[in-house]
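Understanding the architecture of this molecule
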Amino acid sequence: MQDQTHSARDGEDTPVEGILPPGPEATEEERLQSLLDEAEREKAQFKALAQRAQADLINYRKRADEERQELAGSAGAQVILRVLPVLDDLQRALAHAAAEEPGAQNGWLEGFQLIERKLHGIFAAEGLERIEAEGGFFNPFEHEVVGQFDVIGRREGEILEVTRQGYRMNGRVIRPAQVVVQSGQIAAETQPNPQESDPGKEE
C-alpha cells in the first residue's frame, strides 16, 4: 500500500509557478492549455516591458536633441549679440549720412547699405528678427524704457522713439528694444476735476 502511494506521487506533474496545478481529474489537453495560458501571460508582460523601454529610449533621444539644439541656439545667440552693436553703429552712420545729404547716392554709401542688407540676410537665416516697436505700446517682455516724455495727443505707454533696436531669435527675445515712452502725466493733468465738472455740487 505504501509503495502504491509513493509510486503515485512520483508520477505527479510538477506544478508550473504562477499556475494552479490541474486537479487529478484534469486531462492532458487541460494541462497543456494551462501551460499555454501562462506562456501568453508572460509574453504580454515581456511585450509591455519592451514597449516601455522603447518609449524611454525615444524620450531620451528627444531630450538629447532638444538640449543640443538649445545649446547650439544659445551659442549662436551669444555670437549675434556680440555683432549687433556693429550693426547698430552701421545703421546710425547710414541714418546720419542720409540726414546730411537726403537723396544723395554715392559709392561708399551704397557699399555700406549693401553691407547692412547682407548682415540682415545672415541674421534672418539664423532665425533673428527685429522687434517692431515704432508706433506701438510698451511691452515689458520686449521693450526697455530709457526715457519718458509728455507729448500732447499721445496716450500713456505709447512708444515715442526707439533708441536701440530689439531682436528675437527663434521666437525668443535676446535683446529688448530700448524705447522712449509717453509718461501719461499730461493725460492725468488734463482729466477734468469731478468737483469742478459738477456745478450742482455744493462746496
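Note that the coordinates shown come from a computational prediction; the quantities given were computed from them, not determined experimentally.

**Points about the side chain of glutamine 165**
The residue glutamine 165 is located in the loop between β3 (159–164) and β4 (167–169) in this model. Given the relative accessible area of 16%, glutamine 165 is considered buried. A polar contact of 3.3 Å, which involves the side chain of glutamine 165, links it to the side chain of glutamate 134. If near-sequence neighbours (up to four positions away) are discounted, glutamine 165 is found in contact with Gln91, Arg130, Ile131, Glu134, Arg175, Pro176 and Ala177.

**Points about the sheet that holds β3**
One open sheet holds the 3 strands; their spatial order is β2-β6-β3, and the pairing between them is mixed. Across the chains shown, the open sheet's two edge strands, defined by having one partner strand only, are β2 (143–149) and β3. On average, each strand axis in the sheet is tilted by 30° relative to the strand beside it, whichever way the strands run. Pairing geometry for β2 and strand β6 (residues 177–182), over 6 bridges, is parallel. Looking at the pairing, glycine 147 lines up with valine 180 of β6.

**Observations concerning the side chain of arginine 168**
You can see arginine 168 is positioned in strand β4. For arginine 168, a relative accessible area of 18% translates into the label buried. A polar contact of 2.7 Å, which involves the side chain of arginine 168, links it to the side chain of glutamate 142. Once residues within four sequence positions are removed from consideration, arginine 168 is found in contact with Gly127, Leu128, Glu129, Arg130, Ile131, Glu142, Val173 and Ile174.

**Details of a nonpolar patch on the surface**
Among the surface-exposed residues, Trp108, Phe112 and Ile115 lie close enough to one another that they form a single nonpolar patch of about 310 Å² accessible area. By the element assignment, isoleucine 115 lies in helix α3 (residues 107–125). Classification of isoleucine 115 as partly exposed rests on a relative accessible area of 43%.

**Observations regarding unusual backbone geometry**
A positive phi angle is found at asparagine 170, which is not glycine, with a value near 55°. Note on placement: asparagine 170 falls in the loop between β4 and β5 (172–175).

**Let's talk about the confidence of the model for the protein**
Of the residues in the protein, 69% reach a pLDDT of 70 or more, and the chain-wide mean stands at 75. Ranking the elements of the protein by mean pLDDT puts helix α5 (residues 194–197) last, at 44, and β6 first, at 93. Under a pLDDT of 50 for its full length, residues 14–18 has, in the predicted model, 5 contacts with residues more than four places off or in other chains.

What counts and how
- Residues numbered from 1 in each chain as written.
- Predicted model: local features only at pLDDT ≥ 70, side-chain atom pairs only at ≥ 80, totals over all residues.
- Heavy atoms only, no water.
- Helix = DSSP H or I, 4+ residues; strand = E, 2+ residues; numbered from the N terminus.
- Buried < 20%, exposed > 50% of the residue type's maximum accessible area, 1.4 Å probe, protein only.
- Polar contact = N/O pair within 3.5 Å; in protein donor to acceptor, adjacent residues only side chain to side chain.
- Contact = heavy atoms within 4.5 Å.
- Pairing = 2+ DSSP bridges.
- Axes fitted to C-alpha atoms, helices over the stretch in contact; angles between N-to-C directions.
- Patch = residues over 30% accessible without salt bridge, like charges linked within 9 Å, V, L, I, M, F, W, Y side chains within 5 Å.
- Areas by Shrake-Rupley, 256 points an atom, 1.4 Å probe, with all protein chains shown as cover.
- Salt bridge = Lys/Arg side-chain N within 4 Å of Asp/Glu carboxyl O.
- pLDDT = per-residue confidence, 0-100.

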